[in-house]
Amino acid sequence: MEDLKIEEYKDPAGGRGAVKGALNAFWQQRIPLQVIESFRKANTPYGFDCPGCAFPDKKSGKNQPIGVDSCEQGQKAIAWEMTPKRTDAIFFAQYSVSELRTWTDLDLENQGRLTTPLRYDPALDHYLPVAWPEAFQIIAQQLLQLSAQAVAFYTSGRASNEAAFLWQLLARSYGSAHLPDSSNLCHEPSGYAMKDMLGVGKGTCTLEDFEHAELIIVLGQNPASNHPRMMAALHAASKRGANIIALNPLAELGFRNFSDPKDVREMLTNTGRKIAGKVYAVKIGGDLAALKGVMKIIVERDRQLPEGERELDLTFIAEHTVGFEAFKADLIAQPWHDLLSESGLTFADLVEIADLYTASSATMCTWCMGITHHENAHATVQGIVNLLLLKGNIGKPGAGAVPVRGHSNVQGNRSMGATGKVPESFLDNMERVFSVAVQRQPGLDAVGTVRGLLAGEIKALLALGGNFGVASPDSPRLLDALHRSELTVHIATKLNRTHLFPGTVGLLLPSLGRTDIDARSAAVQVITVEDSMSMTHASGGIKKPISDEMMGEPAIVSGIGAALSALSKSQDRIAWDEFADDYAQIRERIENCLDGVVKGFEDYNEKIAQPGGFHLCNDASLRRWQTPSGRAEFRVHAVTLDGPIHRARRKNPQTLALMTVRSHDQFNTTVYSLNDRY
């Protein structure tokens, strides 16, 4: 363990520090020369999609050279994946699972790539090599001995569209709709809140909107550490004169002083620029009160203005929304004392924000888990959308809602149906296309799966990537429950803590990553992903895998499916073996199954051949509202006055409320070092 040292970081966020951090990652992984190819090929047409965040790629074209379109955190993820270091059979022969549990998360993942299929031996407390056909056979045998309702299929956001689609097909054709996914743990409130109000559970903007926004409001997020590619967009917006403000309990360094590593002058002078004009230090969880305070000022002020000077977009409200009068009445009746005490902001702060908002003709609101991880997350997201609706800031250039998602394909997984509840039409299509009965009852989400494991009702977990036991709540109890389960299967690129708590039968299967060339039947395969702004594009590896025993995720899922179909003597038309060798066939079935469900997947294989891919239609961005009323719907929410902190402080006024933050050298559960230079 490194000695703890705390000192002031005097350089800008990003800049030279980011470049040094990225280069150090490749040096530590013993691949310094590969950084050149990584910088050149990451997030580019005919290159690979970064396994980090879901921020969209820059546009490409004849007169639009991309240059480097990656960030420090992304390059760390790439270095960890391109490493020549191996966590192989020799490694697992040397270390027992019990001993590995004493290691840090950093040390576990820093051992290198998983290279061979493994099966846990409880008597020896070691993972031992197992051949792929035997691994698939073991999984199929175990699944057939279990009730489908006792089996959950977890999906990490890093899984490709092809793998995620096959994963949910495997689960539902087996009889389980328990499809927890990583989105359950991060942006679930965003999806449900926006779908309820706008008819679409995805962000309404594209990357180009950053170029046209007059005001960008950043809520509950630290993009300089968690999705630095967004900082480039904010940096460019700041340089052209857009107003940027942040509502965040901490004035993070990226807001105060940020240097874009692609800005030559800033790199040479080691200087940055102030990105946020002001950071409004809301109380932890006080965002809804702050938003209501801003909207109360705007609504009350608007009532006093003459017809030609109104601050609200009354035409938009009349033509495109319902519920405004009830919403307005709630704001007018709201006591100021509660809004000020709960938000932690002054009345003058709220007036400043209101003035900036009403002066802007195009406003974007962007948020992350500092909003969605709170008890009142759903209400707060709807408060953000209410604010946007007041001035018609949905469905016009430079304006809209931008939930910034984490993993690079977490949104695509949902489009593929890898979640517990999907439209009936999607299930109908699957039964028609594959001549198979699928589970039609909604399944458990991540929290439901955790509860099921703790209660002993879920007896098996199959995980397509991820670190479920650490990412989920109550990790110690959950990991123990996993170890007491009957079956665990993990498809993964690197070793992590969840893998060290195998079930009675536990398998660890090594998958290819984004940077690996995936060659099947002498043909190189590509996968597809969807970013957080609904662009879907192809991704292909650039380097030969370090082991011939590693396999692409779609092929692994297909291997399990083929073994299960053979053992159960299924009469379905699921061409598992063909899917394993030709991912284009998977995309054909995706197109068929999403017909009438998700717009945009027509001619799927042809569209991904286009540089940059294609955009999935977003009805809300076109002011087409897929809601029961056929309009965008205002929502009324009370400010919480009886939450856990309130109850604790009634017992003890000195109660201290703590806020969790993610280290700069960490992405989700992956720890790249024990240092946070900021």
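Counting starts from 1 at the beginning of each chain's written sequence and moves along it residue by residue. With pLDDT at 70 or above as the cut-off, local features in this predicted model cover only qualifying residues; side-chain atom pairs require 80 or more to be listed or tallied, and sums for whole chains, interfaces and linings still use all residues. With hydrogens and water set aside, each side-chain value is computed from the structure's full complement of heavy atoms.

Moving on: the packing of helix α7 (residues 132-145) against helix α26 (residues 553-568). Axis definition: a line fitted to C-alpha atoms, over the contacting stretch in the case of helices. Angles run 0 to 180 degrees between N-to-C directions. In DSSP terms, a helix is any run of H or I states spanning at least four residues, a strand is any run of E spanning at least two, and both are numbered starting from the N terminus. Remark: α7 packs on α26, axes separated minimally by 8 Å, with the N-to-C direction vectors making an angle of 55 degrees. Here α7 lies oblique to α26, going by the angle between them. Like other packed secondary-structure pairs, α7 and α26 cross with a definite hand, here right-handed. Listed contacts from α26 to W132, F136, Q137, I139, A140, Q141, L143 and L144 of α7 are I556, G559, I560, A563, L564, L567 and S568. Each residue receives one of three labels: charged for Asp, Glu, Lys and Arg, nonpolar for Ala, Val, Leu, Ile, Met, Phe, Trp, Tyr, Cys and Pro, and polar for the others, Gly being one of them. Partitioned by chemical class, the residues of the contact of α7 with α26 number 11 nonpolar, 4 polar and no charged. In these notes the angle categories are as follows: under 35 degrees is roughly parallel, over 145 is roughly antiparallel, 65 to 115 is roughly perpendicular, and the rest is oblique. Should the near helix be turned counterclockwise from the far one by less than a right angle, the crossing is left-handed, whereas a clockwise turn marks it as right-handed. Contact criterion: two residues are considered in contact whenever any of their non-hydrogen atoms come within 4.5 Å of each other.

Further remarks concern the confidence of the model for the chain. Taken over all residues, the pLDDT of the chain has a mean of 93, while the share at 70 or more is 98%. Values of pLDDT, ranging from 0 to 100, describe the predictor's confidence in every residue of the model. Of the regions scoring below 50 in pLDDT, residues 61-66 engages in 7 contacts with residues more than four places distant in sequence or in other chains.

The subject of this paragraph is the packing of helix α2 (residues 34-41) against helix α3 (residues 72-82). Viewed as axis vectors pointing N to C, α2 and α3 meet at an angle of 125 degrees, and their least axial separation amounts to 11 Å. One finds that α2 runs oblique with respect to α3. Considering the relative orientation of α2 and α3, their crossing is right-handed. Listed contacts from α3 to Q34, S38 and F39 of α2 are Q75, I78 and M82.

Ordered by their spatial adjacency, 6 strands build an open sheet running β5-β4-β16-β15-β14-β6, and the pairing between neighbours is mixed. The open sheet has two edge strands, β5 (126-129) and β6 (151-155), and neither has a second partner. Between one strand axis and the next, the sheet turns through 20 degrees on average, direction left out of account. Two strands qualify as a pair provided that DSSP identifies no fewer than 2 bridges between them. The sheet contact formed by β6 and strand β14 (residues 460-464) spans 5 bridges and is parallel. Within β14, the residue paired with A152 across the bridge is L461. Along the sheet, helix α8 (residues 161-174) contacts β6, β14 and β15 (487-492); its crossing angle with β6, the most-contacted strand, is approximately 170 degrees.

Turning next to the packing of aromatic side chains. Stacked, tilted and edge-to-face are the three classes assigned to paired rings of Phe, Tyr and Trp, where Trp is represented by its six-membered ring and a pair needs centres within 6.5 Å; plane angles under 30 degrees give stacked, over 60 edge-to-face, the rest tilted. Evaluation of the coordinates by the stated rule reveals 23 aromatic pairs. Ring geometry for W80 and Y672: centres 4.9 Å apart, planes at 80 degrees, overall edge-to-face. Of the two residues, W80 is situated in helix α3 and Y672 in the segment after β24 (670-671); the sequence distance between them amounts to 592 residues. Side by side, W80 and Y672 carry an identical accessibility label, which is buried. Grouped by ring-pair contacts, the aromatic residues F91, F92, Y95, W103, Y120 and Y127 constitute a single cluster. The ring of F501 carries R101 above its face, with NZ or CZ at 4.4 Å from the centroid. For the exposure calls, accessible area comes from a 1.4 Å probe over protein chains only, and a residue counts as buried if that area is under 20% of its type's maximum, exposed if over 50%, partly exposed in between. Definition used: whenever NZ (Lys) or CZ (Arg) falls within 6 Å of the ring centre and also within 35 degrees of the ring normal, the charge is taken to sit over that ring.

Sheet strands pair by backbone hydrogen bonding; their relative direction is either parallel or antiparallel. Across the sheet, which stays open at both edges, the 3 strands sit in the order β19-β20-β21 with antiparallel pairing between neighbours. Each edge of the open sheet carries a strand with a single partner, namely β19 (527-530) and β21 (614-615). Looking at chain direction, strand β20 (residues 535-539) and β21 are connected through 2 bridges and run antiparallel. Each bridged residue has a counterpart across the sheet, and for M535 the counterpart in β21 is H615. Contacting β19 and β20, α8 runs over the sheet at an angle of about 90 degrees to β19.

Okay, α3 next. Each α-helix turn comprises 3.6 residues. Residues three or four places apart therefore point the same way. Within α3, 11 of the 11 residues are buried, which leaves the element mostly enclosed by the surrounding structure. Burial in α3 covers these residues: E72, Q73, G74, Q75, K76, A77, I78, A79, W80, E81 and M82.

Within helix α16 (residues 324-333) the residues assigned to the buried category are F324, F327 and L331. Looking straight down α16, one finds that the buried residues subtend no more than 65 degrees of arc, so they occupy a single side. Exposed residues pointing more than 90 degrees away from the buried face of α16 are listed as E325 and A333. Tucked into the core, α16 has its buried residues touching α14 (287-303), α15 (314-320), β11 (321-322) and α20 (377-390). The arc refers to the directions leading from the helix axis to the C-beta atoms.

Attention now moves to the side chain of Q73. Positionally, Q73 belongs in helix α3. On the basis of relative accessible area, Q73 is assigned to the buried category, the value being 3%. Identification of polar contacts relies on pairs of N or O atoms within 3.5 Å, with a donor-acceptor requirement for protein atoms, meaning one able to donate a hydrogen and the other able to accept it, and with residues adjacent in sequence counted only if both atoms are side-chain atoms. Of the polar contacts made by the side chain of Q73, one reaches the backbone oxygen of S225; its length is 2.9 Å. In this view, Q73 contacts S225, P228, H664, D665, Q666 and Y672; residues no more than four positions away in its chain are not counted.

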